[in-house]
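Chain by chain, the residues:
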Amino acid sequence: MMTLDELRAMNLPEESTEQLWTALEEAAHRAEKAEGELTRLHLEEKSRLLNAALTEAGLHPDAARLLAEKVDAESLHVESGVLKNSRATVETLKLTYPGLFPEAKPVARIAPPTGQTPRLTRDALAAMSAEDINRSWAYVKEALKDNA
């Protein structure tokens, strides 16, 4: 930015020099204020995107917001509204705070119902202990009824 002495060296009338200087100071102040607002908006966008990534990883939104505060905003990279390093950031947080993230539990495969009781073979019945037969008596009884 130009200094007041450089402005005076232009040999402008003193009144014009003061007006220009005042206008330059006001413009510099507005630019500084706009830059601060832009920085604030960038930080809000990074925070919003990180909160969304953490919520998607299974955190409650309140926990995501609090955990997002632990992340240095300068380490987050946003391009075209997308947080580019969200996966790496979430993985780092999972390693640092594993108790906050839900564990993925394997889901057992369930055979669809067929509408029929599976057949109990003679060999399968012979291999069953008395306890197994007692525990599965309804099934054994149904199988024997079908074989009668």
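This report concerns the structure included in the present document. Sequence positions are assigned chain by chain, starting from 1 and proceeding in written order. Totals for whole chains, interfaces and linings use all residues, but because this is a predicted model, local features are given only for residues with pLDDT of at least 70 and pairs of side-chain atoms are given and counted only at 80 or more. Neither water nor hydrogens contribute to the side-chain values; these are computed over all heavy atoms in the structure.

Let's talk about the overall build of the chain
Now for step 1: Counting its secondary structure elements, the chain contains seven helices and two strands.
Now for step 2: Listing the helices and strands of the chain from first to last along the sequence gives α-α-α-β-β-α-α-α-α.
Now for step 3: Burial here depends on accessible area, computed with a 1.4 Å probe over protein chains only, as a share of the maximum for the residue type. Under 20% is buried, over 50% is exposed, and the range in between is partly exposed. Of all 148 residues assigned to the chain, the portion counted as buried reaches 16%.
Now for step 4: We get accessible surface area from the Shrake-Rupley algorithm with a probe of 1.4 Å; when it comes to residues, only the shown protein chains can shield them. Carbon and sulfur atoms form 55% of the exposed surface of the chain, whose accessible area is close to 11,900 Å². A helix here means a DSSP run of H or I that spans at least four residues, while a strand means a run of E at least two residues long, and both kinds are numbered starting from the N terminus.

Side note on the packing of helix α2 (residues 14-56) against helix α4 (residues 86-96)
Now for step 1: At their nearest, the axes of α2 and α4 sit 10 Å apart, and the two run at 60° to each other. Here α2 lies oblique to α4, going by the angle between them. Crossing hand, α2 versus α4: right-handed. Taking contact as the criterion, the partners of L50, A53 and L54 in α2 are, on α4, S86, T89, V90 and L93.
Now for step 2: Note on residue categories: nonpolar means Ala, Val, Leu, Ile, Met, Phe, Trp, Tyr, Cys or Pro, charged means Asp, Glu, Lys or Arg, and polar means any other residue, Gly included. Across the contact of α2 with α4, the residue classes tally to five nonpolar, two polar and no charged. Whenever a helix is involved, its axis is fitted only over the stretch in contact; in every case the axis is a line through C-alpha atoms, and angles between N-to-C directions fall within 0 to 180 degrees. By the definition adopted for this analysis, an angle is roughly parallel if under 35 degrees, roughly antiparallel if over 145, roughly perpendicular if from 65 to 115, and oblique otherwise. For any helix crossing, the convention is left-handed if the near helix is rotated counterclockwise from the far helix by under a right angle, and right-handed if that rotation is clockwise. Contact definition: two residues touch when any of their heavy atoms are within 4.5 Å.

Observations concerning the nonpolar core
Now for step 1: In this structure, L50, L54, L59, L67, L93 and F101 are the most contacted members of the largest nonpolar core, which totals 14 residues.
Now for step 2: The leading source of residues in this core is α2, at four residues.
Now for step 3: In this structure, L59 is in contact with L54, A64, L67, L100 and F101, ignoring residues within four places of it in sequence. Think of a nonpolar core as a cluster: buried Ala, Val, Leu, Ile, Met, Phe, Trp, Tyr and Cys residues, connected wherever their side-chain atoms sit within 4.5 Å.

Some points on the packing of α2 against helix α3 (residues 61-68)
Now for step 1: It is at 9 Å that the axes of α2 and α3 come closest, and there the two elements cross at 130°. It follows that α2 is oblique to α3 by the angle criterion. Classified by chirality, the crossing of α3 by α2 is right-handed. Where α2 abuts α3, its residues L50, N51, L54 and T55 lie against P61, A64, R65, L67 and A68.
Now for step 2: Along the lines of polarity and charge, the residues of the contact of α2 with α3 split into six nonpolar, two polar and one charged.

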